[in-house]
Amino acid sequence: MPLIDLRSDTVTKPTDEMRRAMAAAEVGDDVFGDDPTVNALEARAAELLGKEAGLFVASGTMGNLVAQLAHLGRGQESIASAQSHMVIDEAAGHAVIVGTSVRALRERPDGTIDPAEVAASFRDPNDPHEPITGLVVLENTHAHSMGQPLGLEYLGTIAAIAHERGVPLHVDGARFFDAAVALGIRPADLAAPADTVTFCLSKGLACPVGSVVVGPRDVIWRARRGRKLVGGGMRQAGILAAAGLVALRDGPTGMIERLAEDHANARRLAAGLSVLEGIVSAGDVAQPEPGRLDPGRVRTSFVIFRVQRDRSAFLEALRARGVLMVEYPHGQVRAVTHHGVTAEDVDTTIAATAAALGETSFRDPKGLAAAQGPAR
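Values in this document were obtained by computation on a predicted structure and should not be read as measured data.

Rules used in this analysis
Residues numbered from 1 in each chain as written. Predicted model: local features only at pLDDT ≥ 70, side-chain atom pairs only at ≥ 80, totals over all residues. Heavy atoms only, no water. Pairing = 2+ DSSP bridges. Helix = DSSP H or I, 4+ residues; strand = E, 2+ residues; numbered from the N terminus. Axes fitted to C-alpha atoms, helices over the stretch in contact; angles between N-to-C directions. Core = buried A, V, L, I, M, F, W, Y, C linked by side-chain atoms within 4.5 Å. Buried < 20%, exposed > 50% of the residue type's maximum accessible area, 1.4 Å probe, protein only. Contact = heavy atoms within 4.5 Å. Right-handed = clockwise from strand over helix to strand, strands pointing away. Disulfide = S-S within 2.5 Å. Parallel < 35°, antiparallel > 145°, perpendicular 65-115°, else oblique. Nonpolar A, V, L, I, M, F, W, Y, C, P; charged D, E, K, R; others polar. Expected span 1.5 Å × (residues − 1). Arc of directions from axis to C-beta. Salt bridge = Lys/Arg side-chain N within 4 Å of Asp/Glu carboxyl O. Patch = residues over 30% accessible without salt bridge, like charges linked within 9 Å, V, L, I, M, F, W, Y side chains within 5 Å. Areas by Shrake-Rupley, 256 points an atom, 1.4 Å probe, with all protein chains shown as cover. Phe/Tyr/Trp six-rings, centres within 6.5 Å; stacked < 30°, edge-to-face > 60°. Lys NZ or Arg CZ within 6 Å of the ring centre and 35° of its normal.

On to the sheet that holds strand β2 (residues 53–57). Pairing is mixed in the open sheet, where seven strands are placed in the order β2-β8-β7-β6-β5-β3-β4. One side of each edge strand has no neighbouring strand; the edge strands of this open sheet are β2 and β4 (101–105). Each strand of the sheet is rotated relative to its neighbour by a mean of 20°, with strand direction disregarded. In the sheet, strand β5 (residues 133–139) pairs with strand β6 (residues 169–173) via four bridges, with the strands oriented parallel.

One finds Leu 49, Phe 56, Phe 177, Phe 199, Leu 201, Leu 205 and Leu 248 to be the most contacted residues of the largest nonpolar core, which totals 52 residues. Apart from the residues within four sequence positions on either side, Phe 177 is in contact with Leu 48, Leu 49, Pro 187, Phe 199, Leu 205, Leu 248, Ile 256 and Leu 259. One finds Met 146, Leu 269, Met 325 and Val 341 within the second-largest nonpolar core, a separate group that totals 35 residues.

The element β6 is extensively covered by neighbouring structure, given that five of its five residues are classed as buried. Residues Leu 169, Val 171 and Gly 173 line one face of β6 and the alternating positions His 170 and Asp 172 line the opposite face, and both faces are buried. Since β5 and β6 lie parallel, the crossover through helix α7 (residues 152–164) that links them has a hand, and here it is right-handed. With four bridges joining them, β6 and strand β7 (residues 196–200) adopt parallel strand pairing. Bridge pairing links Val 171 to Val 197 in β7.

Evaluation of the coordinates by the stated rule reveals zero disulfides. The cysteine Cys 200 is free of any disulfide, with Cys 207 supplying the nearest cysteine sulfur at 10 Å. The class of Cys 207 is buried, set by a relative accessible area of 2%.

Contact geometry of helix α8 (residues 176–183) with helix α12 (residues 259–274) gives a least axis separation of 9 Å together with a crossing angle of 75°. The angle between α8 and α12 falls in the class roughly perpendicular. Of α12, the residues touching α8 (which contributes Phe 177, Asp 178, Val 181 and Ala 182) are Leu 259, Ala 260 and His 263. When grouped by side-chain class, the residues that make up the contact of α8 with α12 number five nonpolar, one polar and one charged.

The end-to-end C-alpha separation of α7 is 18 Å, in line with the 18 Å expected for 13 residues at 1.5 Å each. Those residues of α7 that fall on the buried side of the exposure criterion are Tyr 154, Leu 155, Ile 158, Ala 159, Ile 161 and Ala 162. End-on, the buried residues of α7 take up no more than an arc of 160°, which puts them together on one face. What points out from α7, more than 90 degrees from its buried face, is the exposed set Glu 153 and Glu 164. Of the surrounding secondary structure, the elements contacted by the buried residues of α7 are α6 (115–120), β5, β6 and α9 (187–191).

What follows covers the pattern of salt bridges. Tallied over the entire structure, the rule returns 19 salt bridges. Note that Arg 249 and Glu 17 form a salt bridge whose closest N and O atoms lie 2.4 Å from each other. Here the residue Arg 249 occupies a position in the loop between α11 (238–247) and α12, and Glu 17 occupies one in helix α1 (residues 16–24), the gap between them amounting to 232 residues. Residue classification places Arg 249 among the partly exposed residues on the basis of a relative accessible area of 32%. Among the ionic pairs, Asp 310 bridges to Arg 363, the shortest N-O distance being 2.9 Å. Taken together, the positions of Asp 310 in the loop between β10 (302–307) and α13 (311–320) and Arg 363 in the segment after α14 (343–358) put the pair 53 residues apart, joining distant regions of the chain. For Asp 310, a relative accessible area of 28% gives the class partly exposed.

In space, the four strands of this open sheet follow the order β9-β10-β13-β12, with antiparallel pairing throughout. Among the strands making up the open sheet, the edge pair consists of β9 (279–280) and β12 (326–328). By the bridge criterion, two bridges tie β9 to β10 in an arrangement that is antiparallel. In the sheet register, Val 280 faces β10, and the bridge partner there is Arg 306. On the sheet, α12 packs against β9, β10 and β13 (332–336) and is oriented at approximately 20° with respect to β10.

Quick look at a nonpolar patch on the surface now. Taken together, the side chains of Val 96, Ile 97 and Leu 229 present a nonpolar region at the surface, about 300 Å² in accessible area. Looking at where Val 96 falls in the secondary structure, it is placed in helix α5 (residues 93–98).

To describe a pair of aromatic rings, you give the distance between the ring centres and the angle between the ring planes. Tallied over the entire structure, the rule returns two aromatic pairs. Ring centres of Phe 176 and Phe 177 lie 6.1 Å apart, and the angle between their planes is 85°; on these two criteria the pair is classed as edge-to-face. Both residues of the pair, Phe 176 and Phe 177, belong to the buried class. Centroid distance Phe 177 to Phe 199: 5.0 Å. Interplanar angle 80°. Geometry classified as edge-to-face. With Phe 177 in helix α8 and Phe 199 in strand β7, this residue pair connects regions lying 22 residues apart in the sequence. Both residues of the pair, Phe 177 and Phe 199, belong to the buried class. Put simply, the rings of Phe 176, Phe 177 and Phe 199 pair up and form one aromatic cluster. Between the NZ or CZ atom of Arg 165 and the centre of the ring of Phe 122, over which it lies, the distance is 5.2 Å.

Set out below in structure tokens:
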């Protein structure tokens, strides 16, 4: 039985065209700047997001890390949302490698943090007791709020707060193109308020490896030095970058426009799950209101919910029927639609979920200890 794997959009396989492009890629030593395919990918990413330069890195975590190395000095502090990937899912790299702290602010159900709280969280640079605020970080889409996209007006508001205080804005855009497609905004326009943006090629864009950081030329040069520091200097990396060039094409031959299909499938899945007895609100910022799962919360490719069952037993019963989902924080379950998941797969998943609920015993998810889910 072929598996329907909804654990993450990282489980995608490269398309046949990506494989051909990888096999035929012209390569060189990227550390010397000699890999033409990497250079082309970095230039394409920068152009697409309206920035001066780009840097190909191994992962989104590395992208966020080298952006922090480019922006921050040791002992400085970033302002970020409490459940952002940088805060809870990057092995404290900000502290261990960058040597900085984070002032973590509680996010709201729409994935945003209150601009007034952001403004009030800047440290007093004249007080020797306090760290110096050096960066504001937003996550777009915001994973733990069920993949909510952050809009252009909001990004502009936060950028203005940061820039008035001489501090840059970095966007962890692991699923940045999901946000742009969901909002119907050109990627360059959505990226405009940010000084730097990291986006992942290896998530909804279906590439096997890699992320890109874009921003001003001088900042990206510092990020390149940071990439070397953390061991991210890849050599004939054009073999990997070639898939990214396919993904970032305009129109139906690329992988950006088709993200709308993933969003439609996620809404279809949420609608089907919401009528099943035993599927309830995810709680926390994913869906603060109790009751049934609300399909209206689904804006991109994430469906997050809780089950009135033993969660592990439910997931195992689902696996036995050829469907994979994953544990998520706050006792939740997460399903992510992606390239290779069809509307028919969604219907099969709904039927398998109903069967798995039917064979597992009732258990109230309230009061269960929050369980930390996977990084992405």
